[in-house]
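# A closer look at the structure
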Amino acid sequence: MDDEFFTMSSTIRRTHHKYVTILLTGSENEGDVQSVRPGHAMQFCLQRKEYPASPIDFKTCQSPLQSFDKWTQFMISQDCVKANLTKAQIINTVIASATLRIRKDIAGLITFIYRWCPDTHKTICRWGEMTIYLESVAILLNLPITRNFNITFSDEEEKMHTILVKKSAGFVRKENETKCSSNWWVSEWFPGESGQNQELSSMLHVAAFLVLWLSRDIVDGCSGKKEIKQELIKFSIKLAKGVILLIGCLFLGSWYTYLDPLTTDMHVSNGYIKVDSYVQVALLQAWLWEHFKNYAPNSLASFPESHGGSRILRWWNKRPKAGSNLIDFLDNVYAINFRPWAPVYASIVHANTFASAPNKTFIFTKNNMRVGEIIFMRSYIPVHVSSFFRGSYEAVPYNIDRAARHMGFDQGVLFLR
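Residues numbered from 1 in each chain as written. Predicted model: local features only at pLDDT ≥ 70, side-chain atom pairs only at ≥ 80, totals over all residues. Heavy atoms only, no water.

## Remarks on the environment of Pro343
Mapped onto the elements, Pro343 comes out in the loop between α14 (327-330) and α15 (371-380). Residue Pro343 is classed as exposed on the basis of its relative accessible area of 62%. Between the C-alpha atom of Pro343 and that of Met407, which follows or precedes it by 64 residues, the distance is 8.5 Å. (Helix = DSSP H or I, 4+ residues; strand = E, 2+ residues; numbered from the N terminus. Buried < 20%, exposed > 50% of the residue type's maximum accessible area, 1.4 Å probe, protein only.)

What follows is the structure in structure tokens.
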């Protein structure tokens, strides 16, 4: 046993010069050995790759949808639509969603998720805590993490909302049917007929396009129901008009709440039952590859401009690196690149560690901050982020102060929360 993080120590009496220690049983002094719970044995075997702990069946749609790709290309070709999506700061993510394909390392994802702590929304390592944070969402996905969700509708927008809600309710799935509604929704709004460009690029059609994108690629809802989320229609209408919303915060908060019950299910199943998961794992896989260089395959040096400008596309169509296991790097603090995209901005000074003082001091050298500096500052402050989970919205804690190394700062341990 070379990893105390995964094992339980016990004192065993040696009474024979040829004594050989047996891990769990088989010793002549078996009665004196402290028992090991199944959970500890499962963790130990996970590291040794003897069998996976609670196999996870990742059911979320991760493959590009051909019909959605065609719809995306049509929407981007319309100047008015492209301008509004650019204004809403989601155009790169929308384009990437239509073509993105990332091969999953199932063993690595299980390793990361198994150590997830629902109370703090962090993964526990031997050296400390780590997590996906707002800056990584903003940089990898190009999703906005500033502005707000204060939505007030006009009469026209109320009519659009009523139409979309009624249309989404028109899809009735038969009992035990697993067919994804995405193709049905595309066929209803984008039949592909020529001579209707003006109608197909109307504000109503753009909102219909965006609600599918939100429902399928941003906040699945963790319900397992592959359908249009009516609760997201209001967001799609505002985005269609170029309004900037906190979609990045909503994505991250939802992702946190998706992992919480998944981790609980893994522990309860204790390795005997397969666990279904609807967690969006494309970002997690890319995030792990970004932070663990020796675990990751070689990234793309460049990618077609038609795919958008999201950094996650560096891992487009990449397969897990052969013979590379996340468990070999996760507990080694020297194997981690906490800030793979940029150092701490020189214009922002952190005067004290999180553990030593309750106040945080920022010093700005310029009145007008750059986009990267705004993202950094927003990501650095512990707050609450919004989450969409099983049809309802809630606020979940964003405890970046527990993983301050990601922001280039000392990582202290707080005595009070």
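Here the narrative resumes.
## Let's talk about the sheet that holds strand β4 (residues 128-130)
Strand order across the open sheet formed by 3 strands is β2-β3-β4, with antiparallel pairing between neighbours. Two strands lie at the open edges of the sheet, namely β2 (116-117) and β4, each paired on one side alone. When β2 meets strand β3 (residues 122-125), the two strands line up antiparallel, connected through 2 bridges. Looking across to β3, one finds that Cys117 is bridged to Lys122. (Pairing = 2+ DSSP bridges.)

## Regarding the confidence of the model for the protein chain
Mean pLDDT for the protein chain: 75, with 67% of residues reaching 70 or above. Considering only residues more than four positions removed or in separate chains, one finds that residues 1-52, a stretch of pLDDT under 50, has 68 contacts. In the model, residues 351-363 has pLDDT below 50 throughout and makes 24 contacts with residues more than four positions away in sequence or in other chains. (pLDDT = per-residue confidence, 0-100. Contact = heavy atoms within 4.5 Å.)

## Topic: the pairing of strand β6 (residues 383-389)
On a regular strand, one side chain projects to one face of the sheet and the next to the other, so that they alternate. Within β6, 5 of the 7 residues are buried, which leaves the element mostly enclosed by the surrounding structure. Between the end of β6 and the start of strand β7 (residues 392-398), which pair antiparallel, lie 2 residues, with Arg390 showing a positive phi angle near 55°.

## Some details on the nonpolar core
Counting 107 residues, the largest nonpolar core has Trp71, Leu210 and Trp213 as its most contacted members. Not counting residues within four places of it along the chain, the set of residues in contact with Leu210 comprises Leu85, Ile90, Val94, Ser236, Leu239 and Ala240. (Core = buried A, V, L, I, M, F, W, Y, C linked by side-chain atoms within 4.5 Å.)

## Re the pattern of salt bridges
Oppositely charged side chains can form a pair if their charged atoms are brought close together. The tally for this structure, following the rule as stated, stands at 10 salt bridges. Notably, a salt bridge pairs Glu156 with Lys241, separated by 3.7 Å at the nearest N-O pair. Here Glu156, found in helix α7 (residues 155-169), pairs with Lys241, found in the loop between α11 (233-240) and α12 (247-269); they are 85 residues apart in sequence, far enough to count as distant. For Glu156, a relative accessible area of 48% puts it in the partly exposed group. For Lys241, a relative accessible area of 25% corresponds to the partly exposed category. Asp217 is the partner of Arg216 in a salt bridge, and the nearest nitrogen-oxygen pair spans 3.4 Å. (Salt bridge = Lys/Arg side-chain N within 4 Å of Asp/Glu carboxyl O.)

## Points about the packing of helix α6 (residues 134-141) against α15
Angle between the axes and distance between the axes: these two values describe a pair of packed helices. Remark: α6 packs on α15, axes separated minimally by 8 Å, with the N-to-C direction vectors making an angle of 145°. Taken together, the residues of α15 that come into contact with α6 (itself represented by Leu134, Glu135 and Ala138) are Ile375, Phe376, Arg378 and Ser379. The residue inventory of the contact of α6 with α15, partitioned by class, reads 4 nonpolar, 1 polar and 2 charged. (Axes fitted to C-alpha atoms, helices over the stretch in contact; angles between N-to-C directions. Nonpolar A, V, L, I, M, F, W, Y, C, P; charged D, E, K, R; others polar.)

## Comments concerning the side chain of Ser97
Positionally, Ser97 belongs in helix α4 (residues 91-99). The residues touching Ser97, leaving out its near neighbours within four places in the chain, are Trp213 and Asp217.

## Details of the environment of Tyr256
Within the secondary structure layout, Tyr256 lies in helix α12. For Tyr256 and Val385, which are 129 residues apart along the polypeptide, the C-alpha to C-alpha distance reads 9.8 Å. In terms of polar contacts, Tyr256 uses its side chain to reach the backbone carbonyl oxygen of Ile132, at 2.7 Å. (Polar contact = N/O pair within 3.5 Å; in protein donor to acceptor, adjacent residues only side chain to side chain.)

## A closer look at the packing of aromatic side chains
Evaluated as defined, the whole model comprises 16 aromatic pairs. Geometrically, the ring pair formed by Trp71 and Phe209 is edge-to-face, given 5.2 Å between the ring centres and 70° between the ring planes. Separated by 138 residues along the polypeptide, Trp71 in helix α2 (residues 66-77) and Phe209 in helix α10 (residues 203-218) bring together distant segments of the chain. Accessibility classification places Trp71 together with Phe209 in one group, the buried group. Members of the aromatic cluster, connected to one another through ring pairs, are Phe68, Trp71, Phe74, Phe190 and Phe209. Positioned above the aromatic ring of Trp189, the side-chain terminus of Lys167 is 5.8 Å from the ring centre. Note that Lys234 overlies the ring of Phe153, its terminal NZ or CZ placed 5.9 Å from the centroid. (Phe/Tyr/Trp six-rings, centres within 6.5 Å; stacked < 30°, edge-to-face > 60°. Lys NZ or Arg CZ within 6 Å of the ring centre and 35° of its normal.)

## Here we look at the pairing of β3
In sequence, β2 turns back onto β3 through a hairpin of 4 residues, with His121 there showing a positive phi of about 60°. Between the end of β3 and the start of β4, which pair antiparallel, lie 2 residues.

## Some details on α2
Over its 12 residues, α2 extends 17 Å from the first C-alpha to the last, a length consistent with the 16 Å expected when each residue adds 1.5 Å. Along α2, the positions that sit buried rather than exposed are Phe68, Trp71, Thr72, Phe74, Met75 and Ile76. (Expected span 1.5 Å × (residues − 1).)

## Thoughts on the side chain of His205
Mapped onto the secondary structure, His205 falls in helix α10. With residues up to four places along the chain from it excluded, the contact list for His205 reads Trp71, Met75, Trp189, Glu199 and Leu200.

## Things to note about the environment of Trp287
Note on placement: Trp287 falls in helix α13 (residues 282-291). Along the sequence, Trp287 and Ile132 sit 155 residues apart, while their C-alpha atoms lie 7.5 Å from each other.

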